[in-house]
Amino acid sequence: MDWRQLRHSTLSRPDALAVGLERLILSGELPPGSRVPPERELAESLGVSRGSVREALRALASRGLVARRPGSGTVVLDPGATPRGDILASGLDATAELLQVMEVRACIEPSVTARAARRATPADIVQLHALLDAMRREPTRREFTDLDRTFHRAIAQYTRNPLLLRLLDRVYEIGEPGRRETSLSAARRRATIEEHQAILWAIEARDPEAARAASETHLDSVLHRIEEQRRRTEVRGGGVEAGDGGVEAGDGGVEAGGR
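For clarity, every value in this text was computed on a predicted model and none was experimentally measured. (Residues numbered from 1 in each chain as written. Predicted model: local features only at pLDDT ≥ 70, side-chain atom pairs only at ≥ 80, totals over all residues. Heavy atoms only, no water.)

Tell me what's going on with the overall build of the chain, and back it up with residues and numbers.
For the chain, the count of helices and strands is ten helices and three strands. Moving toward the C terminus, one meets the helices and strands of the chain in the order α-β-α-α-β-β-α-α-α-α-α-α-α. Across the 259 residues in the chain, those meeting the buried criterion constitute 50%. Carbon and sulfur atoms form 51% of the exposed surface of the chain, whose accessible area is close to 12,200 Å². (Helix = DSSP H or I, 4+ residues; strand = E, 2+ residues; numbered from the N terminus. Buried < 20%, exposed > 50% of the residue type's maximum accessible area, 1.4 Å probe, protein only. Areas by Shrake-Rupley, 256 points an atom, 1.4 Å probe, with all protein chains shown as cover.)

Here it is as structure tokens:
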């Protein structure tokens, strides 16, 4: 892994490191059980002091994202890993249809977003801004879809309820195969960013009802596109088109970044 990607930020060095490491954890690039490099090694590769690294890791530990264990180093944790969460998630059918997956999300995520608006910390909001900024920098399709999923996963994590996080993780997993299969239009990217921005503004304003409404609007637009594409496919008797109004990678297999 190229740890230098954590360098660039207008934040203080410890805060920038903490935001960058958290993004790697949320996206799965640093999976649960993996080890963060030793302080000295990470400091040297980033060109920062060990004190900055130590402070960043301490902040992540306080948020339940890593555990600092004597003799084992810093280990990444899974904030959604609980016995009850695993039992809850295991009951979801991995063969569910795309529309079913999105309807589950539409039932759950607006309430999750409202709770995040009540419970998100200033550090959480900084992370959401960082993810949205990265989506604006013309990433590849794969990078955009990963950032999209990470944005929604972060919001679930900021409820501080591991059951909700594990449940939505499982829903995302079910929708993952279709998410990687098709293309993404420039117009859909812009719409996704605008919809995410509305969600973020509501969370930042600590307005649960506005956050709920922004999430509902976002997910309803995705459901509408799925239903419209299904009708078009039935009329034409065949292929799925990529682009505006087409089924695009992301959102549980609908549109990259449209989650």
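Would you mind going over the nonpolar core in detail, with residue names and values included?
Ranked by size, the top nonpolar core spans 32 residues in total, and within it Val112, Leu128, Phe151, Ile155, Tyr158 and Ile203 carry the most contacts. Listed by contribution, the elements that provide at least two residues to this core are helix H5 (98-119), helix H6 (122-135), helix H7 (141-157), helix H8 (162-179), helix H9 (186-204) and helix H10 (208-236). Residue contacts for Phe151: discarding those within four places in its chain leaves Leu128, Leu131, His196, Ile199 and Leu200. Core analysis: the second largest hydrophobic core is formed by 18 residues, Leu17, Ala56, Val66 and Val76 among them. (Core = buried A, V, L, I, M, F, W, Y, C linked by side-chain atoms within 4.5 Å. Contact = heavy atoms within 4.5 Å.)

Tell me about H6, and please be specific about residues and values.
Compared with the 20 Å implied by 1.5 Å per residue over 14 residues, the 20 Å span of H6 between its first and last C-alpha is a close match. Buried residues of H6: Asp124, Ile125, Gln127, Leu128, Ala130, Leu131, Leu132, Ala134 and Met135, and no others. Considering only its buried residues, H6 is in contact with helix H1 (13-27), H5, H7 and H9. (Expected span 1.5 Å × (residues − 1).)

A description of the pattern of salt bridges should follow, citing residues and the corresponding values.
Enumeration according to the criterion identifies 15 salt bridges in this entry. When the shortest N-O distance is used, the salt bridge between Asp78 and Arg153 registers 3.9 Å. Here the residue Asp78 occupies a position in the loop between strand S3 (73-76) and helix H4 (83-90), and Arg153 occupies one in helix H7, the gap between them amounting to 75 residues. Residue class for Asp78 comes out partly exposed when judged on its relative accessible area of 28%. Classification of Arg153 as buried rests on a relative accessible area of 11%. Residues Arg212 and Glu209 are paired through a salt bridge, measuring 3.4 Å at the closest nitrogen-oxygen approach. With Arg212 and Glu209 both in helix H10 and three residues apart, this pair spans about one turn of that helix. On the basis of relative accessibility, which here comes to 48%, the residue Glu209 falls in the partly exposed class. (Salt bridge = Lys/Arg side-chain N within 4 Å of Asp/Glu carboxyl O.)

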